Amino acid sequence: MPAPRKYPDELRVRAVREVRATGRPVAHVAKGLGIREEALRGWVRQAEADAGERDGRLSTAGLDELKQLREENAALRWANGILKAASVFCAQGIDRSRTRPCR
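Note that the structure is predicted; figures quoted are calculated from it, not measured.

Asks: Can you walk me through the nonpolar core in this structure?
Replies: Soluble globular proteins: nonpolar side chains tend toward being buried together. Core analysis: the biggest nonpolar cluster contains 15 residues, and Ile35, Leu40 and Trp43 have the highest contact counts within it. Looking at this core, the elements with two or more residues in it are helix H1 (9–22), helix H2 (26–33) and helix H3 (37–50). Look past the residues within four positions of Ile35 in its chain and what remains in contact with it is Tyr7, Leu11, Ala15, Ala30, Leu40 and Trp43.

Shown next, in the form of structure tokens:
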């Protein structure tokens, strides 16, 4: 379960829109709205990435896809580990059944 967001989505949208539309510095907008400057700066960067205006940063859709693929990869690695352990266990059982006890 993700952590609860400190700022509502409406405030995020309003703050980003104000920075981008007015050209005012992030510090002034953040102070006026009572939010942390670094939080607003990150929201503005993400909005620019979503709009295709910023290189070197994934869009929100790309981040969601990356998260989903990492979760899937972890699940596949877990299942692969179980299958490897099972194959070793089964191989040991087969080898024991083929050997004859010594007289």
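Asks: Explain the packing of H1 against H2 here, please?
Replies: For any two helices packed against each other, the geometry is given by the interaxial angle and the distance between the axes. The geometry of H1 relative to H2 is characterised by a closest axis approach of 10 Å and an angle of 145 degrees between their N-to-C directions. As H1 packs across H2, the resulting crossing turns out to be right-handed. From H1, Leu11, Arg14, Ala15, Glu18 and Val19 reach across to H2, where they touch Val26, Val29 and Leu33. Grouping the constituent residues of the contact of H1 with H2 by class yields 6 nonpolar, no polar and 2 charged.

Asks: Sorry if this is basic, but what is going on with a nonpolar patch on the surface here?
Replies: Side chains of Leu58, Leu63 and Leu66 sit close together on the surface and give an oily, nonpolar patch of about 220 Å² of accessible area. Here Leu66 is to be found in helix H4 (residues 60–98).

Asks: Quick question: what am I supposed to make of the pattern of salt bridges here?
Replies: Tallied over the entire structure, the rule returns 4 salt bridges. With a closest N to O distance of 3.0 Å, Glu37 and Arg41 form a salt bridge. In this pair, Glu37 and Arg41 both sit in helix H3, 4 residues apart, roughly one turn of the helix. Using a relative accessible area of 23% as the deciding quantity, one classes Arg41 as partly exposed. Among the salt bridges present, the one from Glu38 reaches Arg41, with a minimum N-O distance of 2.6 Å. Placement of the pair is Glu38 and Arg41 together in helix H3, with a separation of 3 residues, close to one helical turn. What emerges from the salt-bridge pattern is a single network uniting Glu37, Glu38 and Arg41.

Rules and cut-offs
- Residues numbered from 1 in each chain as written.
- Predicted model: local features only at pLDDT ≥ 70, side-chain atom pairs only at ≥ 80, totals over all residues.
- Heavy atoms only, no water.
- Core = buried A, V, L, I, M, F, W, Y, C linked by side-chain atoms within 4.5 Å.
- Buried < 20%, exposed > 50% of the residue type's maximum accessible area, 1.4 Å probe, protein only.
- Helix = DSSP H or I, 4+ residues; strand = E, 2+ residues; numbered from the N terminus.
- Contact = heavy atoms within 4.5 Å.
- Axes fitted to C-alpha atoms, helices over the stretch in contact; angles between N-to-C directions.
- Left-handed = near helix turned anticlockwise from the far one by under 90°.
- Nonpolar A, V, L, I, M, F, W, Y, C, P; charged D, E, K, R; others polar.
- Patch = residues over 30% accessible without salt bridge, like charges linked within 9 Å, V, L, I, M, F, W, Y side chains within 5 Å.
- Areas by Shrake-Rupley, 256 points an atom, 1.4 Å probe, with all protein chains shown as cover.
- Salt bridge = Lys/Arg side-chain N within 4 Å of Asp/Glu carboxyl O.

Geometric values such as these leave the question of function open.
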